[in-house]
Amino acid sequence: VGAILAFATYAIASACNLVAATMSGFVAPRQLSDGEPDDAALRLLRYTHDINQAFAVLAVVATGVAFVAWSWALHRHVPRKTGLAALGALIGFSLVAGVLSGLLALDVEGILVATALQAAWLLPLAVALRGVADPE
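Residues numbered from 1 in each chain as written. Predicted model: local features only at pLDDT ≥ 70, side-chain atom pairs only at ≥ 80, totals over all residues. Heavy atoms only, no water.

Undergrad: Lay out the overall build of the protein chain with the relevant residues and their values.
TA: Helices and strands together make up the secondary structure of the protein chain, namely 4 helices and 0 strands. Helices (α) and strands (β) of the protein chain occur, in sequence order from the N terminus, as α-α-α-α. Taking 2.2 N^0.38 as the reference for a compact globule, 136 residues should give roughly 14 Å; the C-alpha atoms of the protein chain span a radius of gyration of 18 Å, well beyond that estimate. Burial statistics for the protein chain: of 136 residues in total, 33% are counted as buried. Per element, the accessible surface of the protein chain, about 8500 Å² overall, is 69% carbon and sulfur. Positive and negative charge centroids in the protein chain, built from 7 and 9 side chains respectively, lie 14 Å apart. (Helix = DSSP H or I, 4+ residues; strand = E, 2+ residues; numbered from the N terminus. Rg over C-alpha atoms; globule rule 2.2 N^0.38 Å. Buried < 20%, exposed > 50% of the residue type's maximum accessible area, 1.4 Å probe, protein only. Areas by Shrake-Rupley, 256 points an atom, 1.4 Å probe, with all protein chains shown as cover. Lys, Arg positive; Asp, Glu negative; His and termini not counted. Charge placed at Lys NZ, Arg CZ, Asp CG, Glu CD.)

Undergrad: Describe the confidence of the model for the protein chain, with residues and values.
TA: Overall, the prediction assigns the protein chain a mean pLDDT of 91, with 96% of residues at 70 or greater. Within the protein chain, helix α3 (residues 82-101) carries the highest mean pLDDT (97), whereas helix α1 (residues 2-32) carries the lowest (91). (pLDDT = per-residue confidence, 0-100.)

Undergrad: Talk me through the packing of aromatic side chains; I want residue IDs and the actual numbers.
TA: Per the stated rule, a full pass over the model turns up 2 aromatic pairs. Between Tyr10 and Trp70 the ring centres are 5.3 Å apart and the planes differ by 55°, which places this aromatic pair in the tilted class. Taken together, the positions of Tyr10 in helix α1 and Trp70 in helix α2 (residues 39-77) put the pair 60 residues apart, joining distant regions of the chain. Note on Phe67 and Trp121: the rings are 4.8 Å apart at their centroids and 50° apart in plane angle, and the pair reads as tilted. A residue pair is termed long-range when its members are at least 10 positions apart, and Phe67 in helix α2 and Trp121 in helix α4 (residues 108-130) qualify at 54 residues. For Phe67, a relative accessible area of 0% gives the class buried. (Phe/Tyr/Trp six-rings, centres within 6.5 Å; stacked < 30°, edge-to-face > 60°.)

Undergrad: I'd like to hear about the environment of Ser71, residue by residue, with values.
TA: Relative to the assigned elements, Ser71 resides in helix α2. Separated by 10 residues in sequence, Ser71 and Lys81 have C-alpha atoms that sit 9.4 Å apart. Polar side-chain contacts of Ser71 include one of 2.7 Å to the backbone oxygen of Phe67. Within the local environment of Ser71, its side chain forms a polar contact with the backbone nitrogen of Ala89, the two atoms lying 3.0 Å apart. (Polar contact = N/O pair within 3.5 Å; in protein donor to acceptor, adjacent residues only side chain to side chain.)

Undergrad: How would you summarise the packing of α2 against α3 if you had to cite specific residues and measurements?
TA: One can describe the packing of α2 onto α3 by two numbers: an axis separation of 8 Å at closest approach and a directional angle of 160°. Between α2 and α3, the angle is such that the two are roughly antiparallel. Taken as a pair, α2 and α3 cross one another with a handedness that is left-handed. Two secondary-structure elements touch here, α2 through Val57, Val60, Val61, Thr63, Gly64, Val65, Phe67, Val68, Ser71, Leu74 and His75 and α3 through Thr82, Leu84, Ala85, Gly88, Ala89, Ile91, Gly92, Phe93, Leu95, Val96, Val99 and Leu100. Broken down by class, the residue content of the contact of α2 with α3 amounts to 16 nonpolar, 7 polar and no charged. (Axes fitted to C-alpha atoms, helices over the stretch in contact; angles between N-to-C directions. Parallel < 35°, antiparallel > 145°, perpendicular 65-115°, else oblique. Left-handed = near helix turned anticlockwise from the far one by under 90°. Contact = heavy atoms within 4.5 Å. Nonpolar A, V, L, I, M, F, W, Y, C, P; charged D, E, K, R; others polar.)

Undergrad: Describe α1, with residues and values.
TA: In an α-helix, one turn spans 3.6 residues; hence positions three or four apart end up facing the same way. For α1, built from 31 residues, the straight-helix expectation of 45 Å at 1.5 Å per residue is met to within 8% by its first-to-last C-alpha distance of 44 Å. Its maximal kink placed at Met23, α1 deviates by approximately 35°. Along α1, the residues that are buried comprise Gly2, Ala6, Thr9, Ala13, Cys16, Ala20, Met23, Ala28 and Gln31. (Expected span 1.5 Å × (residues − 1). Bend = angle between axes of the 7 residues up to and from the residue.)

Undergrad: Give me the packing of α3 against α4: which residues, what numbers.
TA: Geometry of a packed helix pair, given as the angle between the helix axes and the separation of the axes. Packing of α3 against α4 leaves a shortest axis separation of 10 Å and a crossing angle of 160°. What the angle tells us is that α3 and α4 run roughly antiparallel. Considering how the two elements wind past one another, α3 and α4 form a crossing that is left-handed. Across the interface between the two elements, Leu84, Leu87, Gly88, Ile91 and Leu95 from α3 touch Ala114, Leu117, Gln118, Ala120, Trp121, Pro124, Leu125 and Ala128 from α4. A class-by-class count of the residues in the contact of α3 with α4 yields 11 nonpolar, 2 polar and no charged.

Have a look at this one:
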């Protein structure tokens, strides 16, 4: 159950990341491409930013929840990986708590911190899981 919950939550997080990145990478630059923005364009730009931030928050929180669920599943099904499961749970809780408390602002630097934290667990997890799979 934990792995299925984690997968579903991570899929939601990935979709939220796509929306946030689209707003920042495609919509906002297009609004600025015609030179100096007028009042209407500035309102749209602020709206675009608000959409980006809402989906970025959802993405990071959902990723944190997914990490906790995956850590729980890893702990239950691969007992020799308890340390790695604990690291994933710690990072997952840190992501959720950081965003919900406001300590992790999701500006450029905050997203880099969130991404680095995610990599700090996903990379050793990938290495560890290579040894768990049956080579058939």
